[in-house]
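The primary structure of each chain is shown beneath.
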Amino acid sequence: MSLLAQLATALADGSVEVVDLTAPLSEATPILQLPEPFANTVNFSLREISRYDDRGPAWYWNDIVTGEHTGTHFDAPVHWITGRDGQDVSQVEPRRLVAPAVVLDAAFQAAADPDFLLTIEHVREWEKNNGPLPDGGWLLYRTGWDARSADQDAFLNADVTGPHTPGIEPECARWLAEETPIIGIGVETVGTDAGGAHGFDPPFPCHSYLLGADKYGLTQLRNLDRLPPRGAVLIASPLPIVGGSGSPARVLALVEN
């Protein structure tokens, strides 16, 4: 039996499970809120074209209004100034959209400290217990933040000092970008950087280092608790928007039961 036939059989009999890591996309989907004078994206919305009526008697359809970086979405290198000469989302090679994934779980630490930052030492400790980061694969960073995703205020967790969400410290972001073989990072928060990353050196280091190194970001993931520390295969499916800096994406994981 060919490898693809084996996979089809495993999907049919349930020995390989498809886990949806994507947050539902609606007007209630939390979006990033930048302070003035910076411009912000719009909330997702549907604009009805027809619904079995005189505008179209047998069909229902909508226009969609959304930003590229709304809900569960893919960051292409050109999204950041450090990757301005890199790929837009339509140029990402399809073979890079299907890749192995590992999960580093820091939900306990993030529950105790919403400003928790992942360090190189945390990742090396994970590698000691689980093996090396996957060559050409994803590091998925679980913080439990998806439990807040139905409430924008709780999800952004902002006060007068700014948002407080977990992330990755600058030196760890640089190390992941420049010294590890991963293809990108995936997070449960509104962006790949911590809420306080505007005050880091450099600001927003995950965006700066990873996108500048021709790597990618996935944000607002959910159900990472259903994945093993290693062994899953990730399928990231952004829209191939020509000139696009990113796209809402359906992100799936294949997990062996």
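A brief look at the structure comes next. Bear in mind that the values here come from a model prediction, so they are computed numbers and not experimental data.

On to the packing of helix H3 (residues 120–130) against helix H5 (residues 170–179). It is at 8 Å that the axes of H3 and H5 come closest, and there the two elements cross at 50 degrees. Judged by the inter-axis angle, H3 sits oblique to H5. Contact residues: Ile120, Val123, Arg124 and Glu127 in H3; Glu171, Cys172 and Trp175 in H5. Residues that form the contact of H3 with H5 fall into these classes: four nonpolar, no polar and three charged.

One pass over the structure, following the stated rule, counts five aromatic pairs. Judged by centre distance (6.1 Å) and plane angle (55 degrees), the ring pair of tyrosine 52 and tyrosine 60 falls under tilted. Overall, tyrosine 60 belongs to the partly exposed group, its relative accessible area being 34%. A connected cluster of aromatic rings, assembled from ring pairs, spans Phe74, Trp138 and Tyr216. Of note, arginine 51 hangs over the ring of tyrosine 60, and the distance from its end group to the ring centre comes to 4.0 Å. Above the face of the tryptophan 145 ring, arginine 148 is positioned so that its terminal group lies 3.9 Å from the ring centre.

Okay, the pairing of strand S14 (residues 246–256) next. Of all the eleven residues making up S14, eight are buried; the element is thus mostly covered by neighbouring parts of the structure. One ladder, built from five bridges, connects strand S1 (residues 16–20) with S14; its direction is antiparallel. Paired with valine 16 across the bridge in S14 is glutamate 256. Two elements, strand S4 (residues 73–75) and S14, share three bridges in a ladder whose sense is antiparallel. When the bridges of S14 are listed, histidine 73 appears paired with proline 248. As paired elements, strand S13 (residues 230–238) and S14 share six bridges and run antiparallel to each other. When the sheet's bridge partners are listed, serine 237 is paired in S14 with arginine 250.

Right, let's talk about the nonpolar core for a bit. In this structure, Leu21, Phe74, Trp138, Leu140, Leu218, Leu227 and Leu234 are the most contacted members of the largest nonpolar core, which totals 25 residues. Taken together, the elements giving at least two residues each to this core come down to strand S5 (98–105), strand S7 (138–142), strand S12 (216–219), S13 and S14. If you tally residues by element for this core, the top one is S14, at four residues. With near-sequence residues (within four places) excluded, leucine 218 lies in contact with His73, Phe74, Trp138, Ile185, Gly186, Val187, Thr192, Leu234, Ala236 and Val251. Among the nonpolar cores identified, the runner-up in size contains 22 residues, and Trp126, Leu133, Val187 and Cys206 belong to it.

Rules behind the numbers
Residues numbered from 1 in each chain as written. Predicted model: local features only at pLDDT ≥ 70, side-chain atom pairs only at ≥ 80, totals over all residues. Heavy atoms only, no water. Axes fitted to C-alpha atoms, helices over the stretch in contact; angles between N-to-C directions. Helix = DSSP H or I, 4+ residues; strand = E, 2+ residues; numbered from the N terminus. Parallel < 35°, antiparallel > 145°, perpendicular 65-115°, else oblique. Contact = heavy atoms within 4.5 Å. Nonpolar A, V, L, I, M, F, W, Y, C, P; charged D, E, K, R; others polar. Phe/Tyr/Trp six-rings, centres within 6.5 Å; stacked < 30°, edge-to-face > 60°. Buried < 20%, exposed > 50% of the residue type's maximum accessible area, 1.4 Å probe, protein only. Lys NZ or Arg CZ within 6 Å of the ring centre and 35° of its normal. Pairing = 2+ DSSP bridges. Core = buried A, V, L, I, M, F, W, Y, C linked by side-chain atoms within 4.5 Å.

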